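These are the residues of each chain, in order.
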Amino acid sequence: MFKYFLIDKKTSPKTKNYDSRFLIIIFALLLLIGFFVILSCAPDYKYLFSAAKNDPSYLRFAKHILQHSLFIFIGLVSFYFTGFVIDYKKYRKIKNLNTPLILYIFTMFTMFLPFLSSAHKGAHRWIDLKFFSFQPSELAKISLIIILADFLSRRQKHINNPKYNIVPLTYFMIFSLLLVFQKDFGTFVLLSFTYIAMFFIAGIELKKIFSLIIGLASVCIVLVMLFPYRVTRITNYINSFSNKSEISYNIKLSLIAFGSGGLFGKGPGNSEMKLEHLPERHTDFIFPIIGEEYGFAGTLVVIFLFIMLMITGISVSKNCKDDFGKYLAFGITVTMTLQVLINMAMTTKLIPPKGLPLPFISYGGSSMLISCLMLGILFNISRSK
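Residues numbered from 1 in each chain as written. Predicted model: local features only at pLDDT ≥ 70, side-chain atom pairs only at ≥ 80, totals over all residues. Heavy atoms only, no water.

Hey, could you go over the layout of surface pockets for me, with residue numbers and the actual values?
What the second largest pocket holds in volume is close to 640 Å³. Elements with a contribution of two residues or more to the lining of the second largest pocket: helix H3 (56–85), helix H4 (99–112), helix H5 (136–155) and helix H13 (365–383). The element contributing the most residues to the lining of the second largest pocket is H4, with five residues. In the lining of the second largest pocket, the residues fall into 18 nonpolar, four polar and no charged. (1 Å grid on protein atoms, 1.4 Å probe; cavity = no way out; pocket = protein on both sides within 12 Å on 5 of 7 lines; lining within 4 Å. Points joined across faces, edges and corners; volume = space filled by probe spheres on them. Helix = DSSP H or I, 4+ residues; strand = E, 2+ residues; numbered from the N terminus. Nonpolar A, V, L, I, M, F, W, Y, C, P; charged D, E, K, R; others polar.)

In structure tokens:
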């Protein structure tokens, strides 16, 4: 059965295009930047060359780098299979094989598994796989994109008929409900924007788009009001503009890191905020470490690469002749772009603090795996005729 998903080499393109080349270059540069920033994020950075091999600090450092190297390797394997081996057209519903539904059921199953284990930081979001913890909500991102791309490519003529839109809306609502129980508000917001953006690009009427926005905004308000810590987070964020003492601890240190970096930064490994000061410095708040060690110039390089990734993804979507590939490429591009925007806006105090990793750069196996998988699919689409 696996042969069904393989690319037919007889009909696959023999020539490369600029989009494919750009994607490979951007992907490689982001992975390299992420590796070196994670390397410098370790508090024991200087032990790499000076510590004895049996020193506890050296061992902690070695474990830190080994895990991230493993995440990169897993990501590269997933990129290879989705980019070069599996044909993206096989993700859609074809004849009797409903691949989107199978993927949806599998994602639902994995999203239920965290509830069978003990909570971590007050939430059930992770599946313990011993060598790393997998977050099923990451899989929900690509699952929803494939489901919507398949639906929109088959039902585009009926896009404004509410009767046909009930099915994808039901899929989205069930995903959202599980994310609410997992207390993963950030992923819920990200999927909501993706859902609206994909229907908008498919040509749904503006009044229906406004209805979707109003409905999802109302849900977001309710979800914030139901949890006091979220209300406190929002009120503190608003009050911080008039009273600096109200600014959250993470954001305060994040801004200090950006400000102290200057134009060209303090140099690799010379961050002060990483020394147990800035929480989540290697995951959600890795962008301020880039600003502190590589300065304003370093942040501009990272922003430029993500902008190029967005432009290339839109180009892939625009040039694809297959409707499924067009929507799939757009969904992947808009999801990754929104995640980058939310992360950077959060660390620079443009929006209230909410944790989302920076794709390809932040430490984390789930994020690296799904980000590389999605980029592999985008690369696969760019290689098609």
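Can you break down the pattern of salt bridges residue by residue, with the values?
Considering all chains together, one arrives at seven salt bridges under this definition. For the salt bridge of Lys207 with Glu205, the shortest nitrogen-to-oxygen distance reads 4.0 Å. Here Glu205 falls in the partly exposed class, since its relative accessible area comes to 32%. Glu272 serves as the salt-bridge partner of Lys266, at 3.7 Å between the closest nitrogen and oxygen. According to the relative accessible area criterion, Lys266 is partly exposed, its value standing at 29%. (Salt bridge = Lys/Arg side-chain N within 4 Å of Asp/Glu carboxyl O. Buried < 20%, exposed > 50% of the residue type's maximum accessible area, 1.4 Å probe, protein only.)

Let's hear about the packing of helix H7 (residues 185–201) against helix H8 (residues 206–226): which residues, and what values?
Two elements in contact, H7 and H8, have axes separated by 10 Å at closest approach and are oriented at 175°. Relative to H8, the element H7 is oriented roughly antiparallel. Contact residues: Phe185, Phe188, Val189, Ser192, Tyr195, Ile196, Phe199 and Phe200 in H7; Leu206, Ile209, Leu212, Ile213, Leu216, Val219, Cys220, Leu223 and Val224 in H8. In the contact of H7 with H8, the residues fall into 16 nonpolar, one polar and no charged. (Axes fitted to C-alpha atoms, helices over the stretch in contact; angles between N-to-C directions. Parallel < 35°, antiparallel > 145°, perpendicular 65-115°, else oblique. Contact = heavy atoms within 4.5 Å.)

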